[in-house]
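# Report on the structure
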Amino acid sequence: MLPQARTSAWFFITPLDTGIATLKSDKYLQIAESAQVDYMLQTGLIKKSLASGYNFVNAAQMVKFIKPIRLFKRVRVETQVVFADSRCAWLSHGFFVGEVCHAEVLVKMKFKNGPVTVAPSQMFGTFAGEQPPWVQRWEETLAALP
């Protein structure tokens, strides 16, 4: 599977993931990270990463909540790289119950070899795609933070 492919991973929401009956906000990030590891496995990037000694590091994460995810629901997380430049890659993790999107976790990630940042092109190859406007706005917001 190509690194630009969309992958799917499934999760079952248990009482350990919820407050009373709704998925807790911190669990979205934990599930997204698990989906990210699954993406690395499905695309074969984990093998390449381990062979090269590269690690992936999440530099920033943002959650867009659309609808609550309830207890005992089966959630499909669709993961894809939406953009990559010379330093970072931006991933989208869409949380679906059935065909309805309930949330999206956006991740800015880097590949690291010790203290050195590795260009995503070394892992993905050349990324064919334009920078979405939200990536630029997110970068401007991150730059404005203290």
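Provided above is the structure to which this section pertains.
In this report, we go over the structure that sits alongside the text. (Residues numbered from 1 in each chain as written. Predicted model: local features only at pLDDT ≥ 70, side-chain atom pairs only at ≥ 80, totals over all residues. Heavy atoms only, no water.)

Even without glycine at this site, Phe 72 takes up a positive phi of about 70 degrees. Locating Phe 72 in the fold gives a position in the loop between strand E2 (55-65) and strand E3 (74-84). (Helix = DSSP H or I, 4+ residues; strand = E, 2+ residues; numbered from the N terminus.)

Moving on, we come to the nonpolar core. Among the nonpolar cores identified, the biggest contains 36 residues, and Ile 69, Phe 95 and Phe 124 are the most heavily contacted of them. Going through the elements one at a time, helix H1 (25-43), E3, strand E4 (89-97), strand E5 (100-113), helix H3 (121-124) and helix H4 (133-144) are the ones with two or more residues in this core. Apart from residues lying up to four places away in sequence, Phe 95 is in contact with Tyr 28, Ile 31, Ala 32, Ile 69, Val 75, Arg 76, Val 77, Val 100, Cys 101, His 102, Ala 103 and Val 105. (Core = buried A, V, L, I, M, F, W, Y, C linked by side-chain atoms within 4.5 Å. Buried < 20%, exposed > 50% of the residue type's maximum accessible area, 1.4 Å probe, protein only. Contact = heavy atoms within 4.5 Å.)

A separate point is the packing of aromatic side chains. Across all of its chains, the model carries six aromatic pairs by this definition. Where Phe 12 meets Phe 72, the ring centres are 6.2 Å apart and the plane angle is 35 degrees; that geometry is what we call tilted. Placement of Phe 12 in strand E1 (residues 7-12) and of Phe 72 in the loop between E2 and E3 is noted, with a sequence separation of 60 residues between them. Aromatic pair Trp 134 and Trp 138: ring centres 6.2 Å apart, planes at 35 degrees, arrangement tilted. Taken together, the residues Trp 134 and Trp 138, both in helix H4 and four residues apart, mark about one turn of the helix. Its relative accessible area of 7% is what places Trp 138 among the buried residues. Among the aromatic residues, ring-to-ring pairing joins Tyr 28, Phe 65 and Phe 95 into one connected group. (Phe/Tyr/Trp six-rings, centres within 6.5 Å; stacked < 30°, edge-to-face > 60°.)

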